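Each chain, written out:
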Amino acid sequence: MAIVSYWYSLGCMYLILHWRNNADGAKRLSQYGCQLFSRVADCRHLELPSVPQDLPSNIQELLLDYNHIGSLSKNSLLQYPDLINLSLRSNSLGLIDVEVFQRTKKLVSLSLHNNTISTNYTLVSMGLRSASSLRWLDMSQNNLSVDMVTILIRNMTSLEFLNLDYNVIMRLDSSVFEGLTYLKELSLRWNYIYEIEGGTFEGLVNLKTLNLAFNLLPCIENFCLTQLQVLNVSFNHIEWFLSQEIDFDFQLEKLDISHNQLLFFPLLPKHHRLHSLLLSDNSMKFYGNLMDENSSYVDFLIQENNTTTVTTVSLWEGSIPSDLSTLHVLDISRNQFDYLPRGFIVAMTSLSNLKLNWNCLEVFDLSYGQITNALHTLDLSNNKLSELRINISSQRFDQVTYLNLSHNRLQELPKNIFSSMEKLSTLDLSHNLLDLCSHPGNVVANQGCVDLRNLASLRNLHLSDSGLNLDNQNVFQGTLLTHLDISYNQLKGLHFLLETTRTLKSLSLRNSLYFSGSVDFSVFQSLTVLDLSENNLTTFPASLTDLALQYLDVHKNKLISIPLYSTSQPLTRSLNTIYLSNNPFDCCTLNWYNILNTFGTISIPDRQQVTCNFSSNYMSVQKLSGSVLQSCHWKHGGTLLSLLLTLPTSVTLLVALLLMFLTFKQKLLQLFKLCFMTSSSY
């Protein structure tokens, strides 16, 4: 959108100037702490009560966001005649003097976001009128009603961009934007608009972008803004969208009606330039299968200005009267479609991105005459698909790069369905019950399986929870996979991955290792992301310490320790993120944890949940008490500690024996003589 683009450009210019002047050593500070560089004064977050007057008189951009400026007096900007951009976001601004902008004739952009201009809006409006060159105005989040807005922007005929987001506007009439003939972009998000009077926007002959998202609109009827290019009415309560049936060419390029309550596909202008149509999160479906020919029309009664008109529209039969050949993106996800009318998609000859996920489709037809060849992204996930139809001999999908069939009921796919997708890069078959072909040339063994072999373009493959028992090689023969997810399967080993070891960078084996014995990852030298969570690993695979992993998830296992003995191991040098919680680590062998903590760049997102076991008690590693550490120290002190423990006891026993000997010395000697004395002959 233009407002975003405008601020993005200003931001880029700000950063470029900031970098350039830092490099040149030209950055200076004013008396009040403002940073000065290249005719820009950055005075944000300085708690200023008023506009500083010690700045260079030739500044063109003045940033005063997040201060305590309550008013702009007559002389606030008097000495800054070259000012082009003024930002006063998030102050306490409630008053603007009538003559404050009389000397700033070059002022183009003014931001008053998050202030209190509603308190004195009549005086503020008089001050704004003196800014005769103003093209960009932001008055969002100011508690403004429609009456206040009408007065504030009256006679501001030079405006091209107007932002009124986050206010309390409830209805719009034809007098609100009267005279704003140069206005190109209007944003009214996050208000309480429930009614728009006819003709409100008709005077805005140059309006290109209109944003009405996050309001309370119940419907759009008689849409006739032929000059509009972008319309966003998402997050309202719209039940139907009806364009005026006129033969004029509409300039509409992007229409967003997502997150509403649409019951029918919108009635679009007959002639338009739509390239993006966003209709997700509604209640739409086609009703032709439920109705007969005599009941395929619906009448809309429209009451306006005490008059009632009836519009009859053929919505039930599913025909789309509008030309959709210019459409590139169609998002009708999260609706209630259980079928699509014949020819519905093929009429969109330029369609490249189609999102049909989260609907109720049971069958989808990819055959010739049902879908366009221009398609490169197709999302059919989270439906009820049990059948996917395609005629390989008559239909090729040379442009498809992304295909998502996850969360369906597929048990079988057409033979060689992917052989016609020569550019397929990402394929998601998760949460289906499919087998992978592994026996080259064996027709019987390969019957009913999905053949992924020799798909040279395939890089990302998702097979999570597909009931796979992958114990055969050759399933990935001829592929160059870099990302593979085979979580929630019952794997009997990893030998089927031998053909991917050279290219594989990301591997997810969550809750999949249903075999005993150690796992050797030493052959996966390109691996940077590995998920081993929710398994029953009792021993950390030692081969991982020699890999340059950046992301590792081992939470929810049965690990007691991790074999990290120094900071020079490849794993510790490359690791960015590791998950460790829900393991019975030994509290007395946490040297590896200390090694991880020595690297400030290693993130442990579940650090607070990491626990260890000490005498059958689990406690937080972060909050280990000194007594536990002391006990571990005595417990694992080694030979020297044992010597230190036994030496005092030995000395004490020796002293006790010596004292006993000295006390009973005489008696002991006499007893000794009596025992060994014998008679001698003369």
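Everything in this summary refers to the structure shown in the same document. (Residues numbered from 1 in each chain as written. Predicted model: local features only at pLDDT ≥ 70, side-chain atom pairs only at ≥ 80, totals over all residues. Heavy atoms only, no water.)

### Quick look at the overall build of the chain
Move 1: Counting secondary structure elements, the chain contains eight helices and 37 strands.
Move 2: Here the chain holds 682 residues, and 46% of them are scored as buried.
Move 3: Taking all contacts inside the chain whose residues are at least 6 apart in sequence as the whole, residues at least 24 apart take part in 50%.
Move 4: Accessible surface, the chain: about 33500 Å² in total, of which carbon and sulfur atoms supply 52%. (Helix = DSSP H or I, 4+ residues; strand = E, 2+ residues; numbered from the N terminus. Buried < 20%, exposed > 50% of the residue type's maximum accessible area, 1.4 Å probe, protein only. Contact = heavy atoms within 4.5 Å. Areas by Shrake-Rupley, 256 points an atom, 1.4 Å probe, with all protein chains shown as cover.)

### Things to note about the nonpolar core
Generally speaking, a soluble globular protein has its nonpolar side chains buried in company with each other.
Move 1: If you look at the biggest cluster of nonpolar residues, it comprises 172 residues, and the most contacted ones within it are Phe177, Phe364 and Phe418.
Move 2: Contributing elements (two or more residues each) for this core: α2 (121-129), α3 (146-152), β15 (220-223), α5 (591-597), β36 (611-614) and α6 (626-635).
Move 3: Look past the residues within four positions of Phe177 in its chain and what remains in contact with it is Ile153, Leu162, Leu164, Leu172, Leu186, Leu188, Thr200, Phe201 and Leu204. (Core = buried A, V, L, I, M, F, W, Y, C linked by side-chain atoms within 4.5 Å.)

### Comments concerning α2
Residues three or four positions apart in an α-helix share a direction because the helix packs 3.6 residues into each turn.
Move 1: Looking at α2, one finds that the buried residues are Val124, Ser125, Gly127 and Leu128. Angular distribution of buried residues about the axis of α2 spans 160°; they occupy a single face of the element.
Move 2: Contacts made by the buried residues of α2 are with β7 (95-96), β8 (109-111), β9 (136-138) and α3. (Arc of directions from axis to C-beta.)

### Examining the pairing of β36
Move 1: Of the two faces of β36, the one holding Cys612 and Phe614 is buried and the one holding Thr611 and Asn613 is not buried anywhere.
Move 2: As paired strands, strand β35 (residues 585-586) and β36 are joined by two bridges and run parallel to one another. Paired with Phe585 across the two strands is Cys612, which belongs to β36.
Move 3: Pairing analysis gives four bridges linking β36 to strand β37 (residues 617-620), with the strands arranged antiparallel. When the sheet's bridge partners are listed, Cys612 is paired in β37 with Met619.
Move 4: Between the end of β36 and the start of β37, which pair antiparallel, lie two residues, with Ser615 showing a positive phi angle near 55°. (Pairing = 2+ DSSP bridges.)

### As for the sheet that holds β37
Two orientations exist for strands paired in a sheet by backbone hydrogen bonds: parallel and antiparallel.
Move 1: One open sheet holds the three strands; their spatial order is β35-β36-β37, and the pairing between them is mixed. One side of each edge strand has no neighbouring strand; the edge strands of this open sheet are β35 and β37.

### Notes on the state of the cysteines
Move 1: In the structure shown here, the tally under the stated rule is four disulfides.
Move 2: Sulfur-sulfur distance for the disulfide between Cys437 and Cys449 comes to 1.8 Å. With the S-S dihedral at roughly 95°, the linkage between Cys437 and Cys449 falls on the right-handed side. Of the two residues, Cys437 is situated in the loop between β28 (426-428) and β29 (460-462) and Cys449 in the loop between β28 and β29; the sequence distance between them amounts to 12 residues. Summarising the burial analysis for this pair, Cys437 and Cys449 share the class buried.
Move 3: Each bonded cysteine of the chain is numbered by sequence order, and under that numbering the disulfide pairs are 1-2, 3-4, 5-7, 6-8. (Disulfide = S-S within 2.5 Å.)

### So, the packing of aromatic side chains
Move 1: Applying the stated criterion to the full structure yields 17 aromatic pairs.
Move 2: Aromatic side chains Phe223 and Phe241 sit 5.5 Å apart centroid to centroid with 45° between the ring planes, which places their arrangement in the tilted category. Of this pair, Phe223 sits in strand β15 while Phe241 sits in strand β17 (residues 241-243); the two residues are 18 residues apart in sequence, bridging distant segments of the chain. Residues Phe223 and Phe241 agree in their burial class; the two are buried.
Move 3: Of the aromatic side chains, those joined through ring pairs into one cluster are Phe265, Phe286, Phe337, Tyr339 and Phe344. (Phe/Tyr/Trp six-rings, centres within 6.5 Å; stacked < 30°, edge-to-face > 60°.)

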